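# Overview (structure and organization)
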Amino acid sequence: MVKEIICTVCPRGCHITVEGDNGKVNSVKGEGCKRGLDYATAEFIAPVRILTTLVKINGKENELLPVRSNKPLLKEKLFDCMAEIKKVSVNLPVKMHDVIVKDICGTGVDIVATKSLN
Amino acid sequence: MYNIKCDVAIVGGGPAGLAAAVSAKENGAEKVLIIERDSSLGGILQQCIHPGFGLTRFKEELTGPEYYSRFTAKTDELGVEYLLNSMVLEVDSENKQVICTNSEYGLTTVSAKSIVLAMGCRERTRANIVVPGTRPAGLYTAGSAQRLINRQNIMVGKKVVILGSGDIGMIMARRMTLEGAKVVMVVELMDYLAGLTRNRVQCLDDFGIPLKLAHTITAIEGKERVSGVKIAPVDENKKPIKEKEEFVECDTVLFSVGLIPENELTKKAGIEINRVTNGPTVDQYMQTTAPGIFACGNVVHVNDLVDNVSKESEVAGKYAAEYALGTLTKTVKEVAVQVGRNVRYLCPHKLNIGDKEQKVTLYFRVLFPENNVVLRALDGDKKIAKKKELRVNPGEMCSITVDALKITSNAITVEVVKEA
Amino acid sequence: MLKTNVVVIGAGAVGCAVARELSKYNVNVIVVDKNEDVGGDASKSNSAIIHTGYDATPGTLESQLVVAANPMYDEIVRDLDVPFKRIGAILPAITDEQFEKLPAIKEKAFKNHVYDVEFLTGEELLKIEPNLNPEVKGGLYIPRESIIDPFILVQALAENAYANGVEFMLNTRVTDIKTENGKIKSVITTAGEIETDYVINCAALYCDEIAAMVGKADYTVIPRKGQFYILDKNTSCQVEHIVLPIPTKVTKGKLMCPTIHGNMLVGPTAEDLPDKTDKSTTAEGLESIAIDVRNLVPNVNLRDTITQYCGLRPNRNPEGLHVDLYDDLKGYVNLSGVRSTGLTLSVAMGKYVVQQILTDGAGYTLKSNFIKTRKGIIKFSEQPREVQDKLIKEKPLYGNVVCRCETITEQEILEAIHRPLGAKSVDGVKRRVRAGMGRCQAGFCGPKVIEILARELNKDATEVTKHNAGSYMVTGKTRD
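Residues numbered from 1 in each chain as written. Chains lettered and ligands numbered in written order. Predicted model: local features only at pLDDT ≥ 70, side-chain atom pairs only at ≥ 80, totals over all residues.

Assigned secondary structure in chain A consists of two helices and ten strands. For chain A, the α and β elements follow one another from N to C terminus as β-β-β-α-β-β-β-β-α-β-β-β. Against the compact-globule benchmark of 13 Å for 118 residues, chain A has a radius of gyration of 18 Å, which places it well outside the compact range. Judged by the C-alpha coordinates and their principal axes, chain A covers about 55 × 30 × 20 Å. Across the 118 residues of chain A, 30% fall into the buried class. In chain A, of all internal contacts separated by at least 6 residues, the share reaching a separation of at least 24 is 42%. (Helix = DSSP H or I, 4+ residues; strand = E, 2+ residues; numbered from the N terminus. Rg over C-alpha atoms; globule rule 2.2 N^0.38 Å. Buried ≥ 20, exposed ≤ 12 C-beta atoms within 10 Å, placed from the backbone. Contact = placed C-beta atoms within 7 Å.)

Here it is as structure tokens:
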């Protein structure tokens, strides 16, 4: 399998071509530096992203609680996690970095508040 | 009328105002007052729930609320005061007064020793760029949509076309996709991306959202609600190629077509505005042409990263405090700052050099993307600073630092040249 | 079934002026309009000028009504609290060919009884209007050409009519008109049937369709599209008068003038189109404005545009303004060919139409308790500081500025919503208090106005519209 990856480490945005199979990298071409090589390898094997979204607050119609994943989670799990988060609602007060959903979708990643609300 | 006295008055409680307030306080100003129109501090960062902030400043990836919380924690700790729900109507640069509305106190006059303008910017609109067609519901600037979705719990649409590949537009593409809307495409007039590459990858490519470079919307259709747009590729003069026009169905159009510094108050105060940046002309203290009136953040020039805004605002806050305390270095020489090859504008616009040692960072944007370049600062013909960059592009801010005291001529020039 | 004496179809400038005039009499009046708000179609997208009639075709009904209407405005705007200013128009001749046309234009003005037209030299013109093309050879000055807030004019006429007992049925479409024995019997609407003695067709763009319901459509409406630019209040190149081009045989041309609120208005185009609902601007149309207006004001900066819009003038074929009553159809009054002078002549038309009905033998008597005046919404931004302070202390929501560009407070928005015939949509708010009319075009206040409308009208945000049904602003909640 060959994947074209645009490097996001620095503004140069190198187009890196990675070739490999089953989570194994055979060759990397086009990277501008070592950091780019690491990035492209990780992106090829298992791309991860920070998820940020909002959670419903009980008793409030016009305000939501901003939340994030405390660690990057697998890109392919983003929509599963969104579906879980949409089911959740919280009671105030909430403190920044309070855990709102523990171990979301079995990823080992927590969804935490990014704002304190009283 | 209600009267308040303070040392440093700051107009705007967004990232620029907050950083300026902290810095003013840390540099000795006793009473620092932020005047904010919203009901809470944080400015636009309150609706920027996405990550990507703080990578340079805090070496970690924060969301908007997390980023400004680090500053509000400081303003609380240092005892910065603030007036919320207060819209400033007038800045009197001569008498150093700010007049604002406040539902609780009535019309309020804040008298200060120095003032920091930190009003931020506003979004360019569909009308600014003259997109023809009808005027139905469903047309939003990306920022308004972001506010509605993230702060007011309101979804603006289901099938979206975004004009402009600026960061806010791309971030909204991801936000709306995650929230269940279909983002049909992002259309960009230029043949390169307006925002950060990272956002293209994580906001568009991740979700398979097509990016149409060198295209534009040629017409908005729909009478009551948007029913679609016509898009067409553009030629080298950015004129749409009519024969290749096609219809794209959607119920919502988001415009992410640039930001304009919000300087109505500045203009009314008689402060000089720079024609390229649309912000006040400032020196390295971030002082405007009105003595004692400072400015920072996106009201001066539109920044790429909030980290840069914070840094620049700390400069403004520091010198606003010094001005209030009467300790600001006297100017011995004025040096013009000039744009050279592939530089669109520079900030600060001039240097008021005193007799003290001072490192000055000049921020600038390039005119066009380029790889493997050298950024240079010239004092007359003499090179006084240089810096290599693998890539520069108009979407990202460049900077170069010079030693103010060492400047001998009356003008320095910053240029971007190809590496020899 | 509803019963009334007069049904006015159309709540544009003319319909509302007719209704207000009728409200001086002891008579029941219902105004029916398909739109959700008063203000019509053509009445709300035009050049916002109150003409003198100097260039009308002498001797026509249009000339008589426009010439009669202009002086009426001093009293109307005082009684009804409508923003209005007599700034005067100038007609500069840039070329020799244009210069030679000036005497004929002046002569025509005299034939229209507009005697205060004066000739000015190029030098004099440049003195009063420094941004004119310096090539100007000379021109005419028409002092009573004026500017107005067209939205407020129509709202004020409607509100005053309402205060005097006129009923308004908005969001109501006329589907048919019943006649019996050569007489009007009733009007069928989407909100039911209304039995009536008179029907006054003020449906402008749609007057031919209404006329067809009673078999009187001996003409068709040909919409003439006009596209405009509005420029920022801070635009670098401004004018202080209505700067009009010398008309050619083909077109009256494009003008530039200030609006009553201090923006610059540039346009319009004139394109005959078959579609009565096509209010789209076009790249070609807007480009043509740019080219033409630069002949008059070379430094006009169209990049300072804050919006562009398009209006449709209800021209008719065959041409000409008509007010028709019919011997074989008693009770039916048909107005047609009310075109670009419609806003100006509306107040004279009101009087004219009512007189026609009285002459016809309607027998209405004057009321003794007619309320002559109407107060507009207080504009916070225009008050001196002490008054602003007092206003906030009396009503704290004056302290909450919602629209930053135009400095419009929440209290003003509440008044726009809650006054009689108040705003029910985002555009309704905008046309009453200008929230969203500024340079950011509602980028800042839009989200707040949606929230305020939903709250005040006790609706869900998804039910808030921009204008008519179907123009929903938002589609749901981020989190249910």
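So that's the structure; there's more coming.
The next thing to look at is the packing of helix α1 (residues 13-22) of chain C against helix α8 (residues 342-359) of chain C. All names here are of chain C. Following both chains from N to C, one finds α1 and α8 inclined at 35°, their axes separated by 8 Å at the closest point. Between α1 and α8 lies a crossing of right-handed hand. Along the contact surface, α1 presents Ala-13, Val-14, Ala-17, Val-18, Arg-20, Glu-21 and Leu-22, while α8 presents Gly-342, Leu-343, Ser-346, Val-347, Met-349, Gly-350, Lys-351, Val-353 and Val-354. Residues belonging to the contact of α1 with α8 are distributed by class as follows: ten nonpolar, three polar and three charged. (Axes fitted to C-alpha atoms, helices over the stretch in contact; angles between N-to-C directions. Left-handed = near helix turned anticlockwise from the far one by under 90°. Nonpolar A, V, L, I, M, F, W, Y, C, P; charged D, E, K, R; others polar.)

Another point: the sheet that holds strand β23 (residues 345-347) of chain B. Residues and elements named next belong to chain B. Here we have three strands laid out as an open sheet, ordered β23-β25-β28, and antiparallel in their pairing. The outermost strands of the open sheet, each flanked by one partner alone, are β23 and β28 (398-403). Between one strand axis and the next, the sheet turns by 30° as a mean value, whatever way the strands run. Looking at chain direction, strand β25 (residues 359-365) and β28 are connected through six bridges and run antiparallel. Within the sheet, the bridge partner assigned to Thr-361 lies in β28 and is Thr-401. (Pairing = 2+ DSSP bridges.)

This part covers the domain arrangement of chain C. All names here are of chain C. Split into domains, chain C comes out as domain 1 (2-44 + 150-219 + 319-359), domain 2 (85-147 + 222-314) and domain 3 (380-463). With nine residues of domain 1 at the interface, the matching set in domain 2 holds six residues. Its residues assigned to classes, the side of domain 1 that touches domain 2 shows six nonpolar, one polar and two charged. (Domains from an automatic or database assignment.)

Among the nonpolar cores identified, the biggest contains 175 residues, and Val-8, Ile-10, Val-11, Val-116 and Phe-294 of chain B are the most heavily contacted of them. Take this core: its biggest share by element is nine residues, from helix α7 (residues 306-325) of chain B. Not counting chain neighbours up to four residues away, the residues in contact with Phe-294 of chain B comprise Ser-114, Ile-115, Val-116, Leu-117, Tyr-285, Met-286, Gln-287, Thr-288, Ala-316, Tyr-319 and Ala-320 of chain B. If you look at the next biggest cluster of nonpolar residues, it comprises 118 residues, including Val-117, Ile-148, Met-169 and Ile-246 of chain C. (Core = buried A, V, L, I, M, F, W, Y, C linked by C-beta atoms within 7 Å.)

For the rest of this paragraph, the subject is the environment of Leu-18 of chain B. All names here are of chain B. If you trace the backbone, Leu-18 turns up in helix α1 (residues 15-26). On the basis of neighbour count, Leu-18 is assigned to the buried category, with 34 C-beta atoms found within 10 Å. In this structure the C-alpha to C-alpha distance between Leu-18 and Gly-43, which are 25 residues apart in sequence, comes to 9.3 Å. Not counting residues within four places of it along the chain, the set of residues in contact with Leu-18 comprises Gly-13, Leu-41, Tyr-68, Phe-71, Thr-72 and Thr-75.

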